Every structure is written in structure tokens, then in C-alpha cells.
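# Structural characterization, general
Chain residues, written in single-letter form:
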Amino acid sequence: MATKFDEIMARRGEIMHRALGMDYAQFERSPIAFDYEAMMADHGYSLKDIKQIQTKAGVGNTPLLELRNLTDLARSISDPGKGARIFVKDEAANLAGAFKDRRASVSIHVAKEKGYEGVIAATSGNYGAAVSSQAARYGLKCIICQETFDSRHVGQPEIVEKSRICEAYGAEVIQMTVGPELFFHMVELLDITGYFAASLYSSFGVSGIETLGLEIADEMRALTGAPPTACVITHAGGGNTTGTARGLKRAGATETQIVSASVDLSGLHMASDHDFNRKSFTTGHTGFGVPFATWPDRADVPRNAARALRYIDRYLTVTQGEVFYITEAMCKMEGLERGPAGNTAMTAAVSLARELPREATIVVQETEYTGAGKHHWAQLNFAREMGVQVRRGDPAENKPGEVIVVPERLEQIQAKDFDLGRMRKSYVRNAVKAAPADYEPTDADIEFLAADTNTDADTVARLVREVKEA
Amino acid sequence: MTDATRCKAGDWVEIERILLEPADRSKNLPPDTAAQPLKMWLKGFAQGEAAIGEEVTVETMTGRMVAGALSAINPGYFHTFGKPAPELVTVGKDLRERLAAYHASEKGGA
């Protein structure tokens, strides 16, 4: 017998079609390929239009700060001639405290223009605050679905704070226990209310981030005479990487290296009731970063606008303890109390700075607001209460869910390269698997996959052969 | 005044509901999660009197009427910063000393 879950999920396509106000079928080209750029352009807004929408919404034009003390500290542990200049885009200065405001501002503008009465988003992160804040400004009703508690009703302090801020902005917050059926309830609510689905993964949201890349390119040109050598981006679902990289490219910063960074949470199951409260990062981690990059179309939209593998040049991972150390260092050395999850990229940047020459520049493209619960001290206290060991030592001894190792010295901070080749192959495997078993990829499919993995036709053709033979 | 265990109509309250019993949940769950029901909590204005644990309907901020078991009356937020982490309290001091030493060596070398 079909369960309530199955019934709603079976009608998901029809419900989402109405709730997104966009027909995704028009972009499909084959069982594998779709026209990504046509989908991204379908809303008809130019980058200038989006800038205007955001300026009115209190979003964007955040300060770009040079972190001279952190740069000098990185230089103090670098080989002679090494130690790139580190900059940060202080995205916490956005209206609701994070770059997510850029995403929400466009989505909510679209919802208002299309005449929806309200908006719904499923998010336990800063995006909830962003959607709630923008909905308040546009006079739209707002429902936020959050995964907040384990089965004992113990809340993740970082998420409990997100519940509070969403309610402060007047949203109806549905706090749930652990499980991917968060999306089932969101779809059910979209069906009941007829509201707009403010998906993190729509072209509206991801286009909203492009202004961040544009600002970085322009502001770095003004400050240093050139776009940054590298832009380091905290990576989870892939929107941050995709939008920022697209914005940089549209601003002509085609040489800037796109470096994504996630906290290593390997070994923890993202849908496990037990593991839920044994992680100190609820976003910016490999538990989202890897699955979303290797199969973006797992999202709540038919085709995900966030396609990180198209843009990533390098993927670095850091540990929870390293990010907490850098978060504390940012407070004490730069007067910036931010994060902690948003400081994942900053941690990778400190490690990356040691590899690059002094003349090179690195922009860390976001910070996020901090507060009670959502703070490195709160997270460490909570980890300890959940039985996770917290100690100082070598971060190499870190074990997600069991031990958080806070570095004893700055030089112990060492980001690790994640194998992009493996991720690309995994993506191709998923794309081939999603098509009918007897479907043979055409030249156009190969071309699409090459663009979607930032490789070439020969590499993809080889990967398709390997995947089909396996 | 609202008593801590009973709400009256118009009070800002929280209700609790089971959204999916274990048998109705997604088949794609790790065993520890699959064994639990999917529960939710929601706040709104009580539409009548109830004691904690009793069924009550609330009007939410979006104007929806939702019924569930009364779980809290005027619920607050008690998450904190907590104590400074002993593993982090010396980071600032260590780094300031290191930076001063680096600047001194740079000057000496110039």
C-alpha cells in the first residue's frame, strides 16, 4: 500500500511545476543533456537588473577587507617569497547576515512579481533567515522547514538560532526531527498553500550570487589592479561556487582560480538521528559538498542551477577543529567575529596562501553573522555535551563525530586536496545511470557532460566507456 | 496571567505533531532514523484552552490552522554562547606574540 510519503512524492513533479512558476521541460535536450545557459537566462534579468533588485533589498555592496595580520601570520610560516595577500568579502553585512540574502532577494522578487501570496523554503541554514527577511520586506507570507532536533528533541544550537531569527522576521517555522522527508513536508505544504518554492537551487537564487563574483572582480581591480589570483568559496550544495564563479567570469576574471572548500565530515551519515548532533557544522561540509557536486539534480528542482563541477578548479577540505581555530584567530587578529561555518573557506585560504607567491591575491568570498548558538564556543561546548572529545593537538588526528582536534600551532593548518577526477567520474556515472539502460550518449551529450564537468570530450568519452563497462 | 501548564485562546504557543510514523517514512533511511517517527513543532496563537499534552488548534503566522498536542506556552530561546573553549582561549595571545616576532624579524632583515 502506498504510504502518505509515497503519495505526495508521486505528485511532486506537478506540485513543484506550479510552485516554481517555470517549465523545466523546455530545456531538456535528451535523457542526459539539457540547455543550462537557456535555463539560467530564462528569467530575463540582466546582471544590472539583479544589482538593482538587490540594492533596493538591502543586499550586496558588502565591504572587501584586506586581512593584513592573517596574511603576515601566513607569511611567518611560509617559505621565502611565499604568502599570498588574503582578502575577505564581509557578506555578514548583508541585511540578514549572509551571502544567502543575494539568493533570497531574487527569489522573493520573482515570487512577488508572479503574484504568489507566500514562499516556502526547506533550509536549516542562513538561507532561512534570508528568505524570511526578504519576505517580510515584500509583504509575503513565509514558511521555513528546518531539520532542527534529534529524536530526543535535542536541538543543534546553530539551527535553533536559525529558528529564532526566522521567527524574528515573522516566518512560520516548522521544526522537524532528522530525515530527508523535510522535503516531503515542504512539497506537502506547497500543495496546501499554493505558495512559491524559494528553492536554493533555482536559477533565480543562483543568479543572485553572480553579483558577488562581479563585485569581487571590480573591487579587486580597483584595489590591486587585477582580479584575484584565487577565490576561495565555502562549498555545500554548490550554489555559492556556481554563482560566484559565473559572476567572476561575466566580469572578465577568467584567470581567477576557483577553489571550493568544505569541512571534512567523512564517516558521518547525513540522515542519521545519532550522527545529527555529533557534527559541529550544519553546512559547508563534505556531506553536502560531495553528493551535490557529483549529482546536482538530486535537488528539489528538476534541474539544479548549482552545478559546481562546471566551475571548480580545485576542491580543498579542512577539519572542524581547524575552522574553529581560524574563527578564533579572525576575532583576535582581525576584529571580525563571524561564522563559524562561513570561515571554512578562510581556513583553506590560510593554507593556500602558503603555496602562492607574495604577489598573489586570495579572496575569501563570504563571512556570515554569528550569535548565541551559532558560534564557535557554543558549538564546541555542544560537541562536548554530545560526547565528542575536544582537545588540542595535530588536526590530522581529527575523526568526525568522535574527536575534534584544535590545532596547537598555525602551521598545523593544512587543507587537503580532494580528488576532482574521482568526483567527475562519479558525476558521469550518475548521469549515465539516470538515463534508460539502453541509451547511448550522443556527441551532444558528451559535449554537455564535458561542460558540466569542466573537462573535454575525450575525457568524458573515456569516463562513459569506463562507467558502462563497470 | 497564563499558567505554565494551561494556555488560553490567543496565547502564543507551540504544538507538536507526528508527521510520519516509522512505517510511513522513506525507505531510504539508516536504521536509527527509520526506527523513529518524523516529528514536528510549530508555533502559533492558540484557538482555545488546553493543558500541556492536550490537542489544540493554533493559527500560525501565515494564517494556517494547524492542530497538535500543546508542547509549550510562550516558548523562549535559551541557546547561549556558553563558556569560552579552553582549547581556544590562548589562540589570540599566541598569534599576537607570533605576529610581533615576525614583524621584528622583517624589520631586522630589511
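Please read all numbers here as calculations on a predicted model, not as lab measurements.

Moving on to the overall build of chain A. Summing up its helical and strand segments, chain A has 19 helices and 13 strands in all. With the C-alpha coordinates of chain A rotated into their principal frame, the extents come out at 60 × 50 × 45 Å. Burial statistics for chain A: of 470 residues in total, 60% are counted as buried. Taking all contacts inside chain A whose residues are at least 6 apart in sequence as the whole, residues at least 24 apart take part in 76%.

The secondary structure content of chain B amounts to two helices and six strands. Scaling as 2.2 N^0.38, a compact globule of 110 residues should have a C-alpha radius of gyration of about 13 Å, whereas chain B reaches 26 Å, well beyond that. Here the C-alpha coordinates of chain B stretch approximately 75 × 45 × 25 Å along the principal axes. Counting over 110 residues, chain B shows a buried share of 27%. The long-range share in chain B, meaning contacts at least 24 apart out of those at least 6 apart in sequence, stands at 53%.

In this section: the domain arrangement of chain A. Residue and element names in this part refer to chain A. For chain A, the domain assignment lists domain 1 (4–52 + 98–203), domain 2 (60–97 + 206–417) and domain 3 (425–469). Taken over C-alpha atoms, the centre of domain 2 sits 30 Å from the centre of domain 3. Contact residues are listed per partner, giving seven residues for domain 2 and seven residues for domain 3. When the residues that make up the side of domain 2 that touches domain 3 are grouped by side-chain class, the tally is four nonpolar, one polar and two charged.

This part covers helix H18 (residues 443–453) of chain A. Residues and elements named next belong to chain A. Of the positions making up H18, those classed as buried are Asp445, Ile446, Phe448, Leu449, Asp452 and Thr453. Buried residues in H18, looked at end-on, bunch into an arc of 160 degrees, giving them a common side. What points out from H18, more than 90 degrees from its buried face, is the exposed set Asp443 and Ala444. Residues of H18 that are buried sit in contact with helix H17 (420–434) and helix H19 (457–469). The positive-phi residue at the C-terminal boundary of H18 is Asn454, with phi of around 60 degrees.

A few words on the pairing of strand S5 (residues 55–59) of chain B. Residues and elements named next belong to chain B. Residues Val56 and Val58 point to one face of S5 and are all buried, whereas Glu55, Thr57 and Glu59, pointing to the other face, are not buried. As judged from the two bridges shared by strand S3 (residues 38–46) and S5, these two strands associate in the antiparallel manner. Paired with Ala46 across the bridge in S5 is Val58. When S5 meets strand S6 (residues 65–73), the two strands line up antiparallel, connected through five bridges. Paired with Glu59 across the strands is Met65, a residue of S6.

As a further point, take the nonpolar core. All names here are of chain A. With 167 residues, the main nonpolar core has Val119, Val131, Val232, Ala349 and Ile362 as its most contacted residues. Examining the composition of this core, we find that eight residues originate from one element, helix H10 (residues 203–224), more than from any other. Once residues within four sequence positions are removed from consideration, Ala349 is found in contact with Ile86, Val232, Ile362 and Val364.

Another point: helix H9 (residues 182–193) of chain A. Given a rise of 1.5 Å per residue, 12 residues ought to cover 16 Å, and the 16 Å separating the end C-alpha atoms of H9(A) matches this to within 8%. When we look at burial in H9(A), the residues that qualify are Leu182(A), Phe184(A), His185(A), Met186(A), Val187(A), Glu188(A), Leu189(A) and Leu190(A).

With that settled, the discussion passes to the interface of chain B and chain A. Taken together, the contact between chain B and chain A spans 35 residues of the former and 52 residues of the latter. Where the side of chain B that touches chain A is concerned, the elements lending two or more residues are strand S2 (12–20), helix H1 (31–34), S3 and helix H2 (91–109) of chain B. Where strand S5 (residues 172–177) of chain A lies against S3(B), two bridges are found, and the strand directions are antiparallel. The residue bridging Gln175(A) from the neighbouring strand is Trp41(B), located in S3(B).

We now examine the packing of helix H2 (residues 12–20) of chain A against H9(A). Residues and elements named next belong to chain A. Running from amino to carboxyl end, H2 crosses H9 at an angle of 60 degrees, the nearest separation of the two axes being 10 Å. One finds that H2 runs oblique with respect to H9. H9 is crossed by H2, and the crossing has left-handed handedness. Contact residues: H2 offers Arg12, Ile15, Met16 and Ala19, while H9 offers Val187, Leu190 and Asp191. Its residues placed into classes, the contact of H2 with H9 shows five nonpolar, no polar and two charged.

The next point concerns the packing of H10(A) against helix H11 (residues 239–250) of chain A. Angle between the axes and distance between the axes are the two parameters that describe a pair of packed helices. Residue and element names in this part refer to chain A. With their axes 6 Å apart at the nearest point, H10 and H11 run at an angle of 50 degrees to one another. The orientation of H10 relative to H11 falls into the category oblique. As H10 runs across H11, the sense of the crossing is right-handed. In this structure, H10 contributes Gly205, Val206, Gly208, Ile209, Glu210, Thr211, Leu212, Gly213, Leu214, Ile216 and Ala217 to the contact, and H11 contributes Gly239, Asn240, Thr242, Gly243, Thr244, Ala245, Arg246, Gly247, Leu248 and Arg250.

In this section: the environment of Thr294(A). Assignment of secondary structure puts Thr294(A) in helix H13 (residues 286–294). Residue contacts for Thr294(A): discarding those within four places in its chain leaves Met423(A), Ser426(A), Tyr427(A) and Asn430(A).

Our focus in this paragraph is the sheet that holds strand S7 (residues 230–234) of chain A. In any sheet, the strands associate via hydrogen bonds between backbone groups, in a parallel or an antiparallel arrangement. All names here are of chain A. An order of S1-S2-S10-S7-S8-S9-S13 is seen for the seven strands of this open sheet, with the pairing classed as mixed. Of all the strands in the sheet, the pair left with one neighbour each is strand S1 (64–66) and strand S13 (416–417). Two elements, S7 and strand S8 (residues 257–263), share five bridges in a ladder whose sense is parallel. By the bridge assignment for S8, Cys231 is matched with Ile258.

Now for unusual backbone geometry. Residues and elements named next belong to chain A. Of note, the amide linkage connecting Gly339 to Pro340 takes the cis form, showing an omega dihedral of 10 degrees. With respect to the helices, strands and loops of the structure, Pro340 is situated in the loop between helix H14 (320–334) and helix H15 (344–353). Even without glycine at this site, Asn61 takes up a positive phi of about 50 degrees. Mapped onto the elements of the fold, Asn61 is located in the loop between helix H4 (47–56) and S1.

Conventions we followed
- Residues numbered from 1 in each chain as written.
- Chains lettered and ligands numbered in written order.
- Predicted model: local features only at pLDDT ≥ 70, side-chain atom pairs only at ≥ 80, totals over all residues.
- Helix = DSSP H or I, 4+ residues; strand = E, 2+ residues; numbered from the N terminus.
- Buried ≥ 20, exposed ≤ 12 C-beta atoms within 10 Å, placed from the backbone.
- Contact = placed C-beta atoms within 7 Å.
- Rg over C-alpha atoms; globule rule 2.2 N^0.38 Å.
- Domains from an automatic or database assignment.
- Nonpolar A, V, L, I, M, F, W, Y, C, P; charged D, E, K, R; others polar.
- Arc of directions from axis to C-beta.
- Pairing = 2+ DSSP bridges.
- Core = buried A, V, L, I, M, F, W, Y, C linked by C-beta atoms within 7 Å.
- Expected span 1.5 Å × (residues − 1).
- Axes fitted to C-alpha atoms, helices over the stretch in contact; angles between N-to-C directions.
- Parallel < 35°, antiparallel > 145°, perpendicular 65-115°, else oblique.
- Left-handed = near helix turned anticlockwise from the far one by under 90°.

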